[in-house]
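# Fold and contact review
Residue-level listing of the chains:
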Amino acid sequence: MKNIGFLSFGHWSPSSSSLVRSASDALLQSIDLAVAAEQLGADGAYFRVHHFARQLASPFPLLAAIGAKTSKIEIGTGVIDMRYENPLYMAEDAGAADLIAGGRLQLGISRGSPEQVIDGFRHFGYAPPQGTTEADMARRHTEVLLDVLEGRGFAAPNPNPMFPNPPGLLRLEPYSEGLRERIWWGASTNATAQWAATLGMNLQSSTLKIDESGKPFHVQQAEQIRLFRDAWKAAGHTRTPRVSVSRSIFALTNDQDRMYFGRDGQGSDKVGYLGGAERAIFGRSYAAEPDLLIEQLRGDEAIAEADTLLLTVPNQLGVDYNAHVIEAILRHVAPGLGWR
């Protein structure tokens with residue numbers, strides 16, 4: 001395991017049991033947690049994106065703010081729903097955030113999951129062309145994004161511009177070199193993982209995937225990763241791709257940990273349905289004393305296959321406790337998994 005970071009959904013709630021009462025709290029605490037994680041030695045700070053929900057939504061102001069406050073930690077998303085995105089505007093926002101962060105952006109994107117409202121992307125002005133699906137639209141937006149991130153000129157310049165232009169066709173600015181290689185696709189099926197590989201995107205595989213074989217979640221996920229790498233090799237890409245998996249993992253090191261998570265230690269995979277049709281398998285959570293936790297995680301085939309592990313954090317418990325959760329894994333568990 002080369003890299004360990006955290007993944008936050010950025011939930012907020014006015015409930016008295018939450019330490020994150022507002023959208024402002026969620027954003028500012030996300031910045032503080034990223035700073036704390038960097039100081040602890042974590043490798044990445046990643047954030048989920050959900051629209052029409054009391055969670056983090058527009059990622060680029062947050063990513064830019066974190067980039068300005070940190071210097072080493074990777075900053076990413078997991079994932080941005082491409083059904084909602086204008087890929088050209090997104091390329092400008094991503095380029096700016098990446099330049100502010102000094103080339104540390106790791107941008108996870110995907111087709112998205114069932115949302116809070118019906119066809120929310122339509123409220124953003126996007127609809128699949130006739131004869132296509134919303135998944136087709138997301139992949140088309142993705143292909144456009146990847147193309148413009150190459151940095152080639154494509155727009156004819158005005159012969160009488162307000163400001164002087166460089167020669168030739170114009171590209172989007174600001175352009176951040178290398179960002180194209182730091183785009184990740186969140187795949188819930190084997191086929192979409194293989195599609196991502198052909199386009200030269202890294203792979204993000206979360207705590208759920210479509211159940212394609214009935215095998216345990218971590219076994220299916222490991223098989224997905226191997227298929228991704230095979231497709232990558234067949235496509236002839238020269239660089240080595242990256243692969244991340246997400247897990248809910250808690251090292252029980254004090255009474256507070258045991259109070260929150262001590263009853264969840266013997267969790268198991270769960271099966272449900274996405275959108276009422278697709279059978280999905282959800283991976284188990286892990287919560288145990290550090291030595292037992294190391295033993296359990298060594299048996300997780302997908303963690304063994306991946307190079308990056310993202311720890312999903314209970315952000316509503318506040319920055320201090322989440323920093324403790326991250327530190328406990330880095331100090332007591334990660335070395336036993338080969339991290340550093």
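Generally speaking, soluble globular proteins have nonpolar side chains that are buried together. Residues Phe6, Leu107, Ile109 and Leu293 are the most contacted members of the largest nonpolar core, which totals 77 residues. When residues of this core are assigned to their parent elements, the largest contribution, seven residues, is made by helix H11 (residues 319–333). One finds Leu252, Ala287, Leu317 and Val325 within the second-largest nonpolar core, a separate group that totals seven residues.

Here we come to the packing of aromatic side chains. The full count for this structure, using the stated rule, is nine aromatic pairs. A ring pair is formed by Trp185 and Trp195, whose centres lie 4.8 Å apart and whose planes are at 75°; its orientation type is edge-to-face. Placement of Trp185 in strand E6 (residues 183–186) and of Trp195 in helix H6 (residues 190–198) is noted, with a sequence separation of ten residues between them. Trp195 carries the same exposure label as Trp185, and that label is buried. Arranged with centres 5.9 Å apart and planes meeting at 50°, the rings of Tyr260 and Phe261 form a pair that is tilted. Judged by relative accessible area, Phe261 falls into the buried class, the value being 11%. In textbook terms, an aromatic cluster arises when at least three aromatic residues are bridged by ring pairs, as seen for Phe52, Tyr84, Phe121 and Phe124. Its guanidinium or amino end placed over the ring of Trp195, Arg139 lies 5.8 Å from that ring's centre, counting from NZ or CZ.

Taken together, the buried positions of H6 are Asn190, Thr192, Ala193, Trp195, Ala196 and Ala197. Each element contacted by the buried residues of H6 is listed here: helix H5 (134–148), E6, strand E7 (202–205), strand E8 (208–210) and helix H7 (217–235). Immediately beyond the C-terminal end of H6, within one or two residues, lies Gly200, with a positive phi of roughly 75°.

So, about the pairing of strand E2 (residues 44–47). Burial along E2 is two-sided: Gly44 and Tyr46 facing one way and Ala45 and Phe47 facing the other are all buried. Pairing geometry for strand E1 (residues 3–8) and E2, over four bridges, is parallel. Bridge pairing in E2 links Leu7 to Tyr46. The parallel pair E1 and E2, bridged by helix H1 (residues 23–40), forms a crossover whose chirality is right-handed. Sheet topology places E2 next to strand E3 (residues 74–77); four bridges connect them, and they run parallel. Note on E3: the bridge partner recorded for Ala45 is Ile75. Taken together, E2, helix H2 (residues 59–69) and E3 form a β-α-β motif whose crossover is right-handed.

What counts, and at which threshold
- Positions within a chain are numbered from 1, following the residues in the order the chain's sequence is written.
- Only residues with pLDDT of at least 70 get local features here, since the model is predicted, and only at 80 or more are side-chain atom pairs given and counted; chain-wide, interface and lining totals rely on the full set of residues.
- As a rule here, side-chain values cover all heavy atoms of the structure and leave hydrogens and water aside.
- The definition of a nonpolar core used throughout is a set of buried Ala, Val, Leu, Ile, Met, Phe, Trp, Tyr and Cys residues joined through side-chain atoms within 4.5 Å.
- For the exposure calls, accessible area comes from a 1.4 Å probe over protein chains only, and a residue counts as buried if that area is under 20% of its type's maximum, exposed if over 50%, partly exposed in between.
- Only DSSP runs of H or I covering at least 4 residues are called helices, and only runs of E covering at least 2 are called strands; the numbering of each starts at the N terminus.
- Two rings from Phe, Tyr or Trp (for Trp, the six-membered ring) form a pair when their centres sit within 6.5 Å of each other. Planes less than 30 degrees apart are called stacked, planes more than 60 degrees apart edge-to-face, and all others tilted.
- Two conditions define a charge located above a ring, namely a distance within 6 Å from the ring centre to NZ of Lys or CZ of Arg, and an angle within 35 degrees of the ring normal.
- Two residues qualify as a contact provided that any one of their heavy atoms is within 4.5 Å of a heavy atom in the partner residue.
- Two strands qualify as a pair provided that DSSP identifies no fewer than 2 bridges between them.
- When the strands point away from the viewer and the connection leading from the first strand across the helix to the second strand turns clockwise, the crossover is called right-handed.

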